[in-house]
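# Descriptive analysis of the structure
The lines below spell out each chain.
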Amino acid sequence: MRLTVLFAALACAVSATACEPRPLDKPIARSETLADPSAGLGSPDDQPLPLAVSLNETMVALVDFAADGVWRPAASETPLTDTQWALVDQNAVNLISAASLITMKGQGVNDEAWVVNPDWRRWSLEMRTTAAQVRAAVAARDQERLRLAGDRLVEICQTCHQAFKPGLPSMGVTRFPVYPKPSTT
Ligand code: HEC
């Protein structure tokens, strides 16, 4: 990496044209950055960007839809088509990504306390492991394995909710009532 940077700098020194175009190196003018550069971006180091929504919103808008996209096909009595398998796989990827997201505190009032709790972290990891099992079922085109992973996923959601979910979701956000997610087009 450092060598590449060094090489680019040398190339520029030798020939001015080697520097054109250099959009990535161009300093970003202050006016091009966010209106409030400190808003939600954190420090400009290699840390993950802070989660700028609540964990509850992440559950509703990401985790719940992705899980639904695993459970529906898992309950299918007929063989899944290639397109259906591809969708299951993408939903599993959403769940794996979400598992990492829910280990960071978001903007919900309880988020900070939840993400440091060892049980919370354990159930987040379990969710990721199970989503990986869903992907393995997809790779093997194995509906029985998909069903088993789907059942495990239900247990994980329920166990974590029993342990942590307040009676009423924080911020008044609750799940979108229509499944599957309707298309906006
Ligand atoms: C690591 C713990 C954890 C896991 C795993 C988890 N949840 Fe949640 N979930 C929560 C908590 C805590 C809340 C409530 C957040 C709040 O109110 O601020 C919540 C809220 C929700 C909500 C919105 C509240 C409601 O009742 O409508 C939905 C929907 C939801 N989760 C779905 C799921 C699904 C589906 C899964 C499994 C695929 C899952 N969650 C896995 C902890 C978890």
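Each remark here, short or long, concerns the structure printed above.
Note that the structure is a prediction, hence the values are computed from the model and not measured.

### Things to note about the overall build of the protein chain
In terms of regular secondary structure, the protein chain is built from six helices and zero strands. Ordering the α and β elements of the protein chain from the N terminus gives α-α-α-α-α-α. Out of the 185 residues in the protein chain, the part that is buried amounts to 28%. Here the protein chain has roughly 12600 Å² of accessible surface; of this, 60% comes from carbon and sulfur atoms.

### So, the coordination of the iron atom of the ligand
Note on the iron atom of the ligand: its protein donors are Met59 (SD) and His161 (NE2). The metal-donor distances range over 2.0 to 2.4 Å. Around the iron atom of the ligand sit six donor atoms, and with donor-metal-donor angles ranging over 86 to 177° the site reads as octahedral. With a gap of 102 residues between them, Met59 in helix α2 (residues 55–74) and His161 in helix α6 (residues 143–164) connect regions that are remote in the sequence.

### Here's the deal with the nonpolar core
Core analysis: the biggest nonpolar cluster contains 31 residues, and Leu55, Leu95, Trp120, Met127, Val134, Leu146 and Leu153 have the highest contact counts within it. For this core, the secondary structure elements donating two or more residues are α2, α3 (82–101), α4 (111–115), α5 (118–139) and α6. Apart from the residues within four sequence positions on either side, Val134 is in contact with Val70, Val88, Ala92, Leu146 and Ala149.

Scoring rules and cut-offs
Residues numbered from 1 in each chain as written. Predicted model: local features only at pLDDT ≥ 70, side-chain atom pairs only at ≥ 80, totals over all residues. Heavy atoms only, no water. Helix = DSSP H or I, 4+ residues; strand = E, 2+ residues; numbered from the N terminus. Buried < 20%, exposed > 50% of the residue type's maximum accessible area, 1.4 Å probe, protein only. Areas by Shrake-Rupley, 256 points an atom, 1.4 Å probe, with all protein chains shown as cover. Donors = N, O, S within 2.8 Å, 3.2 Å for Na, K, Ca; no water. Tetrahedral: all angles 85-135°; square planar, octahedral: opposite > 155°, others 65-115°. Core = buried A, V, L, I, M, F, W, Y, C linked by side-chain atoms within 4.5 Å. Contact = heavy atoms within 4.5 Å.

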